[in-house]
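One-letter residues, chain by chain:
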Amino acid sequence: MQNSKHGVLLNIRDLRIEGRSGEDWTEIVHGVDLTLRRGEVMGLIGESGAGKSTIGLAAMGYARDGCRISGGKIEFDGMDLTTTPQDDLRALRGSRIAYVAQSAAASFNPSHRLIDQHTEGPMLHGISSREESEKDAIELYRRLRLPNPDEIGFRYPHQVSGGQLQRAMTAMVMSCRPDLIIFDEPTTALDVTTQIEVLASIRDIVDQFDTAALYITHDLAVVAQMADRIKVLLKGDEVEEAETREMLESPKQDYTKSLWAVRSFERPQKPPAPADAVPVVSVKNISAAYGETPVLFDVSFDIHAGRTVAVVGESGSGKSTAARCITGLLPPSSGEVMFDGEVLPADFRNRNREQLRQAQMIYQMADTALNPKKRIGEIISRPVQFYLGLKGAALKQRVDQLLDQIELEPSQYYHRYPSELSGGQKQRIGIARALAAEPKFIICDEVTSALDQLVAEGILKLLDRLQEELNLAYMFITHDLATVRSIADEVVVMRQGKVVEAGPKDVMFKPPHHPYTDLLLSSVPEMDPDWLTNLLEERGADNIGEAADV
Amino acid sequence: MNGLAMLMAKRIGLGLITLFAVSVIIFAALELMPGDLAEQVLGQSATPETVAQFRKELGLDKAPHIRYFDWLGGALQGDFGVSLANKRSVADQLAPRFANTLFLAALAAAISVPLALTLGVLAALYRNSIFDRVANVSTLTSISSPEFFLGYVLILFLAVKNPIFPSISNISPNADFMEQLYRTMLPAITLTLVVTAHMMRMTRAAIINLLASPYIEMARLKGVPRWRVIVRHALVNALAPIINVVALNLAYLITGVVLVEVVFVYPGVGQLLVDSVSKRDLPVVQACCLIFAATYVLLNLLADVGSILSNPRLRHPR
Amino acid sequence: MSYFVLVYYGLLIAASCVTAHYKMRSPFMMLFSLTIASAFFGLLGGEDWLWGITVCAALLAAAAGLAYSFREFLGMVLNPDASYAIRSAPLTASFGLLVVLVYVVAALFAPVIAPFGEAEVIGGAYAPPDDKMILGGDQLGRDLFSRLIYGARNTVGIAFLTTLIAFVSGTLLGLVAATVGGWVDQIMSRIVDTIMAIPQLVFALLLLTIFGANMTTLILVIGFLYTPLVFRLARAVAGNIVVMDYIEAAKLRGESTWYLITREILPNAAAPLVAEFGLRFCFVFLAIAALSFLGLGIQPPTADWGSMVRENATLISFGVITPLIPAAAIALLTVSINFVVDWMLHRASGLKE
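These notes cover the structure that comes with them. (Residues numbered from 1 in each chain as written. Chains lettered and ligands numbered in written order. Predicted model: local features only at pLDDT ≥ 70, side-chain atom pairs only at ≥ 80, totals over all residues. Heavy atoms only, no water.)

Focus: the overall build of chain B
In step 1: Within chain B, the regular secondary structure consists of 13 helices and zero strands.
In step 2: Reading chain B from its N end, one meets helices and strands in the order α-α-α-α-α-α-α-α-α-α-α-α-α.
In step 3: Each principal axis of the C-alpha distribution contributes one length, and for chain B these read about 85 × 60 × 35 Å.
In step 4: By sequence separation, contacts in chain B at least 24 residues apart represent 72% of the contacts at least 6 residues apart. (Helix = DSSP H or I, 4+ residues; strand = E, 2+ residues; numbered from the N terminus. Contact = heavy atoms within 4.5 Å.)

Things to note about the sheet that holds strand β8 (residues 212-217) of chain A
Residue and element names in this part refer to chain A.
In step 1: Reading across from one edge, β6-β7-β8-β3-β9-β10 is the order of the six strands in this open sheet, with mixed pairing throughout. Two strands lie at the open edges of the sheet, namely β6 (97-100) and β10 (237-243), each paired on one side alone. When the angles between neighbouring strand axes are averaged without regard to direction, this sheet yields 15°.
In step 2: Bridge count for β6 against strand β7 (residues 180-184) is four bridges, and the pairing is parallel. Following the sheet pairing, I97 is matched in β7 by L180.
In step 3: Strand contacts of helix α6 (residues 162-174): β6 and β7, with the helix running at about 175° to β6, the strand carrying the most contacts. (Pairing = 2+ DSSP bridges. Axes fitted to C-alpha atoms, helices over the stretch in contact; angles between N-to-C directions.)

Focus: the pattern of salt bridges
All names here are of chain A.
In step 1: Considering all chains together, one arrives at 53 salt bridges over all chains under this definition.
In step 2: We note a salt bridge from D204 to R145, for which the minimum N-O separation is 3.4 Å. Of this pair, D204 sits in helix α7 (residues 192-208) while R145 is found in the loop between α5 (130-143) and α6, placing the two residues 59 residues apart along the sequence.
In step 3: On the basis of relative accessibility, which here comes to 27%, the residue D204 falls in the partly exposed class.
In step 4: Residue R145 is classed as partly exposed on the basis of its relative accessible area of 26%.
In step 5: The residue E468 makes a salt bridge to K270 at a minimum N-O spacing of 3.4 Å. Linking E468 in helix α18 (residues 453-470) with K270 in the loop between α10 (254-261) and β11 (281-290), this pair joins segments that are 198 residues apart in sequence.
In step 6: A relative accessible area of 16% means that K270 is categorised as buried. (Salt bridge = Lys/Arg side-chain N within 4 Å of Asp/Glu carboxyl O. Buried < 20%, exposed > 50% of the residue type's maximum accessible area, 1.4 Å probe, protein only.)

Comments concerning the packing of aromatic side chains
In step 1: All told, the structure shown has 19 aromatic pairs over all chains when counted by the stated rule.
In step 2: We note R68 of chain A situated over the ring of W25 of chain A; from NZ or CZ to the ring centre the distance is 3.9 Å. (Phe/Tyr/Trp six-rings, centres within 6.5 Å; stacked < 30°, edge-to-face > 60°. Lys NZ or Arg CZ within 6 Å of the ring centre and 35° of its normal.)

Quick notes on a nonpolar patch on the surface
Residue and element names in this part refer to chain C.
In step 1: On the surface, a nonpolar cluster with roughly 640 Å² of combined accessible area is contributed by L101, V104, V105, L108, F109, V112 and I113.
In step 2: The element best represented in the nonpolar patch is helix α5 (residues 91-108), accounting for four residues.
In step 3: By the secondary structure assignment, I113 is in helix α6 (residues 110-113).
In step 4: Overall, the relative accessible area of 37% leaves I113 in the partly exposed class. (Patch = residues over 30% accessible without salt bridge, like charges linked within 9 Å, V, L, I, M, F, W, Y side chains within 5 Å. Areas by Shrake-Rupley, 256 points an atom, 1.4 Å probe, with all protein chains shown as cover.)

Side note on the side chain of D116 of chain A
Residues and elements named next belong to chain A.
In step 1: As for its position among the elements, D116 is in helix α4 (residues 114-124).
In step 2: On the basis of relative accessible area, D116 is assigned to the buried category, the value being 13%.
In step 3: Within the structure, D116 has its side chain in polar contact with the side chain of R113 (distance 3.1 Å). (Polar contact = N/O pair within 3.5 Å; in protein donor to acceptor, adjacent residues only side chain to side chain.)

Some remarks on the pairing of strand β14 (residues 334-339) of chain A
Along any regular strand, the residues point their side chains to alternate faces of the sheet.
Residues and elements named next belong to chain A.
In step 1: Pairing of β11 with β14 involves five bridges; the strand directions are antiparallel. By the bridge assignment for β14, S287 is matched with S334.
In step 2: Pairing analysis gives two bridges linking β14 to strand β15 (residues 342-343), with the strands arranged antiparallel. Counted as the bridge partner of M338 is V343 from β15.
In step 3: What sits between the antiparallel neighbours β14 and β15 is a turn of two residues, in which D340 has the positive phi angle 50°.

Considerations on the nonpolar core
In step 1: F148 and Y152 of chain B together with W305 of chain C are the most contacted members of the largest nonpolar core, which has 169 residues in total.
In step 2: Sorting elements by how many residues they give to this core places helix α12 (residues 257-293) of chain C first, with 18 residues.
In step 3: In this view, Y152 of chain B contacts V263 of chain B together with F293, V309, A313, I316 and L324 of chain C; residues no more than four positions away in its chain are not counted.
In step 4: Core analysis: the next-biggest nonpolar cluster, separate from the first, contains 88 residues, F76, I97, A227 and W260 of chain A among them. (Core = buried A, V, L, I, M, F, W, Y, C linked by side-chain atoms within 4.5 Å.)

Looking at the interface of chain B and chain C
In step 1: With 47 residues of chain B in contact, the opposing surface of chain C contributes 42 residues.
In step 2: For the pair chain B and chain C, the summed buried surface comes to about 3900 Å²; carbon and sulfur atoms form 83% of the total.
In step 3: Looking only at chain B, the three residues that lose the most surface to chain C are I130, F148 and Y152 of chain B, adding up to 16% of its buried area.
In step 4: Where chain B meets chain C, there are one salt bridge.
In step 5: Residues D342 of chain C and R201 of chain B are paired through a salt bridge, measuring 3.6 Å at the closest nitrogen-oxygen approach. (Buried area = accessible area lost by both parts, 1.4 Å probe.)

Quick notes on the packing of helix α11 (residues 269-279) of chain B against helix α12 (residues 282-309) of chain B
Residues and elements named next belong to chain B.
In step 1: It is at 9 Å that the axes of α11 and α12 come closest, and there the two elements cross at 145°. α12 is crossed by α11, and the crossing has left-handed handedness. Across from V269, G270, L272, L273, S276 and V277 in α11, the residues of α12 making contact are V284, V285, C288, C289 and F292.
In step 2: When its residues are assigned to classes, the contact of α11 with α12 shows nine nonpolar, two polar and no charged. (Left-handed = near helix turned anticlockwise from the far one by under 90°. Nonpolar A, V, L, I, M, F, W, Y, C, P; charged D, E, K, R; others polar.)

Comments concerning the interface of chain B and chain A
Buried accessible area, meaning the area lost when the parts come together, often serves as the stated size of an interface.
In step 1: Taken residue by residue, the interface counts 21 residues in chain B and 30 residues in chain A.
In step 2: Each partner contributes to the roughly 2500 Å² buried at the junction of chain B and chain A, and carbon and sulfur atoms together form 54% of this total.
In step 3: Sorting the residues of chain B by area buried against chain A places M218, L221 and K222 of chain B first, and these three jointly supply 28% of that buried surface.
In step 4: Counting across the interface, chain B meets chain A through four salt bridges.
In step 5: R64 of chain A is the partner of E217 of chain B in a salt bridge, and the nearest nitrogen-oxygen pair spans 2.7 Å.
In step 6: Across the chain B-chain A interface, the total number found is 14 residue pairs in polar contact (both at pLDDT 80 or more).
In step 7: For the side of chain B that touches chain A, the secondary-structure elements that each account for two or more residues are α9 (214-221), α10 (226-263) and α13 (312-315) of chain B.
In step 8: Here the element with the most residues in the side of chain B that touches chain A is α9 of chain B; it accounts for six residues.
In step 9: Here the side of chain B that touches chain A is composed, by residue class, of nine nonpolar, four polar and eight charged.

Following this line, the structure appears as structure tokens:
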């Protein structure tokens, strides 16, 4: 992708954007510069709130409701988009600058067929006739390796899978052969194995048509595959910008270095539990169904004290269902759950208080896991009061102790409401609430996947420390293999409700693998910019689509 | 298509069950009446013979479930029994009045539905503009005012101070269409005011809700002109909520009609219902209630069927 | 053409020009459309209509001024938090608050404020307004103004009590249905669907025929008929809350259903339910007024706005506005409550974003 000899396509200078909060406007992007040449792909990377999507949309002269461009220049091919009249902007959008949204499923109009939405752009912009653009659509579908390219366009969005929709959307934005495409987290909502196909097809098509692109994401490894240059953003400011390889090898700023460093946290694996030890939790041949639909088939695994078992799988693999069976929210149709060698009643309503106390849960979305109308102190003291019967000063003392344990200053946080806390702090409160019951076993359901990487790392370290101190057993549900690598002792890989493979982490991450584990492991993007290219060569470019359907 | 047909059949079946349940409630209401109906109607002075005669006439000597099926069977054939007050057939009294009420409701609907939908779409398009704000305040006012207040204000200004329309809508059976239209105008305007405000607010909300969806933003970012975004991308998806809004408000007309008919002395079912309630003429009250409830259930049924039909996921199953 | 008409158009056009010159878009749009509308109505109805428009505009301006001063007053009196909220409120909301306050005062202190008794006959039937009876007399010669004040107590009081009944029972049942779920929820919802399949006013008429029209039955009947509406609302609100993880966490802790409802769900459902209380009060209030207007609600000699409209209705054909006064009293209260609720809902949704 050596296109730097081309001229400048997009030139943003001192871009300032304001967002409305209540009646006031506050600046959320503070004077960002950006230069993009023809045919070049620039990665915009940053954590949530960095302003990357807002900048991406501003590159089209567009601001969402509640946002406004308050200063600076956005020059696209010599035109300043901040002063261009609306009609001219409209003529530009779709035809010369196009946008790929994060969720294709929500961004396709549910009432029209894919091909009708595809041809709308070229026809409106007077680029081609209906017949021509239909023919072109089918050709693009073929190039993007969509199955049945001749007929897939004649389906409605809900009849097509998520990964295919994302490719159909890429085809749609290519319909006018734009000079610039804004990709706004196009693979974030997809599973890793699906992500590969979409990444590969996006890269191919951008290459083939020599299109310039802004690639917005929070995933470093993904951006490493896609971009020629990377710009790092933090809270509406630029941190640094460099060629991809240079940025990966020698980041200059501390913030960038810390982002890069996250992936290095890895805990040594503990030795396996002695053969005669009774596991804290033992899942024995569990099958379960939602109504008539079976979702879990004959699942078994053990979790020992002081050990972490990571249950890994893509969406729909049944990993959360397994957790629901253990907690008793979904009584299994067959099989049983043992706790300390005793069989637990299948339905949580039949378990006694002591049994409930021993197994606690930490949730993915800390926002919905804490009652927004209760103060932190109340949230943490309730289990202490409920299970251990502490009152008054003893209760207060215990809650303070718990807050200390999760590294939050008691006097500062005791009286706050959840809405006054950051995402990571809320997750810590969730941990404290689980600890308050003084359990032996905690289920962690995707506890870090909603958090930014640095914050997630802090949570993982905290959980690790607590396990050391309290000899806790963890069941760690996740789809993210990096998390597994850093915290697990044992790994259970699940797919479509079945356990595919299980074993100690060290063994699992070394070949030979079960084919699905292999696919899963090899699909996780790595920081090496050549990773995707090498992988595709290895798998053979023609069967990546099929690879996902193993 | 099979799934869709199943869904429709289910919904229609549910509608029929509801209608049945409603008829039971209306009938059972009579059973709940404290004391003996015959003695209440005939008064203290009635001799045991007349009471017995009266009970036999009404079939009160039979078991309740037999009477219920007799009544329902009659109602299904258009026979609602005999009025207690004047011994005339209920159906004969009801038929012309029902036609009048339908005419009034239809007229109000014909004015308000297109008006409300247009205004609603406009308010959504130009939201937070001065037009939207004025519309917001005036629709709130009109929704919150009792129907009789609007009715009397209209009478005062359009009938008394400026005699444009008649203040009393007495319609003779042989009046021609224009005459009927003229005399029905004031009650229809009153109803229109209330219903339009409702419908407009709900249409506006439905469309604003929709304009926030990602596919609308996508259409804008594809360079689709504003009007085309509304017509081709928003309205097709707003059909279900709009059908619901319209049906809900047509159903609301039924309640409104009762009051408006009384204000304008309009010879409709509502007026008859109110008169019969004060006379405690039960067969008539039951018949009127059944008609109103049936219309109401039917409209809700139509709304649901409409939303099912307008859902692309159901029309084109995977 | 009189001076009035000349001055009228002169002022309007001048004001339009000034606002246009200073690029005040909204005021200009309003003034100029008013000018065009005036031309239309002036041609249609002559000078009288222009007077009408002037009076309306003056009333609106007076109301806006009153609302503005009241808002400033509240802003100064209240604590900083409430003061910030009130200062950002639209004028309609502060107007609504003021009106509701006036009604509450009138209802509480009716005997003190009203010059005459509720059923006291003072003058002749339909006596015109004079020094003694500032709004004139009704069909029996009772003082209309005094009855209006007492009406505030009766009509508003009864509506409030009825709404309270409907709200307590509806909320409780709705929360139980949402929390317990399963067949309990199914059965309750089916019953409610059936009750709601009959239009409320028609159902009320049916029930009042059977049980007879008096105040107790009226309260019970309307309370019963509006319970399903509150039930549905409470169930929907709670339905969004029970799927939250913190409810699951509490269930897994082993908490009782009662604890879940009162400690976990109710605090989160309270805000939307309170706003809805205002709206439901309006519906109940209008329903009771409608029934009284039909002669089937609150019975004489109790002073009540709905029946007052009915009793004086014949006067309207003589161009006398007496029956409109109690009707306007009803409209003013419901409009005001709606203004306040509208603001509260807007605030609630605005804070969420």
